[in-house]
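# A look at the structure
Chain by chain, the residues run as shown.
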Amino acid sequence: MDTELLLTFLTVAKSGGISAAARVLHRSQPAVTERLQKLSQMVGEPLTMRHGRGIQLTPAGEALLTTAQRMREVIDEFEDMIL
């Protein structure tokens, strides 16, 4: 599992769209889209769907969001510990 895929997904979910997430992550929109597609393939179903100018999480995306948030918290704890 590539943690960057989950962190990208988390950023998209928090920011409400791919464009906003791309700005936060300092990545191109196609790069963010590609990461979301890879993660969706791993899960076996779509994690997001277009909603107006942004995105909405699918049920699978909602379920994965909790895991992604926990992973972010663990990474933050680790970084606090080593810094």
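Quick note: structure is the one above.
Residues numbered from 1 in each chain as written. Predicted model: local features only at pLDDT ≥ 70, side-chain atom pairs only at ≥ 80, totals over all residues. Heavy atoms only, no water.

With that out of the way, let us pick up helix α4 (residues 59-82). Over its 24 residues, α4 runs 36 Å from end to end, which matches the ideal 34 Å to within 8%, given 1.5 Å per residue. The largest bend in α4 amounts to roughly 25° and is located at Leu 65. Among the residues of α4, Ala 60, Gly 61, Leu 64, Leu 65, Ala 68 and Met 71 are the ones counted as buried. On its buried face, α4 is in contact with α1 (3-15), α3 (29-43) and β2 (54-57). (Helix = DSSP H or I, 4+ residues; strand = E, 2+ residues; numbered from the N terminus. Expected span 1.5 Å × (residues − 1). Bend = angle between axes of the 7 residues up to and from the residue. Buried < 20%, exposed > 50% of the residue type's maximum accessible area, 1.4 Å probe, protein only. Contact = heavy atoms within 4.5 Å.)

Glancing now at a negative patch on the surface. On the surface, Glu 73, Glu 77, Glu 79 and Asp 80 cluster together to form a negatively charged patch. Looking at the secondary structure, you find Glu 79 in helix α4. (Patch = residues over 30% accessible without salt bridge, like charges linked within 9 Å, V, L, I, M, F, W, Y side chains within 5 Å. Areas by Shrake-Rupley, 256 points an atom, 1.4 Å probe, with all protein chains shown as cover. Salt bridge = Lys/Arg side-chain N within 4 Å of Asp/Glu carboxyl O. Lys, Arg positive; Asp, Glu negative; His and termini not counted. Charge placed at Lys NZ, Arg CZ, Asp CG, Glu CD.)

Okay, unusual backbone geometry next. With a phi close to 55°, His 26 is a non-glycine residue in the positive phi region. Assignment of secondary structure puts His 26 in the loop between α2 (18-25) and α3. Looking at His 26, the relative accessible area reads 71%, which means it is exposed.

Next up on the list: the pattern of salt bridges. All told, the structure shown has three salt bridges when counted by the stated rule. Between Glu 4 and Arg 35 there is a salt bridge, and its shortest N-O distance comes to 3.8 Å. On the criterion of sequence distance, the pair formed by Glu 4 in helix α1 and Arg 35 in helix α3 is long-range, its members being 31 residues apart. Two residues, Lys 38 and Glu 34, come together in a salt bridge whose shortest N-O distance is 3.5 Å. One end of the pair is Lys 38 and the other is Glu 34, both in helix α3 and four residues apart, which spans about a single turn.

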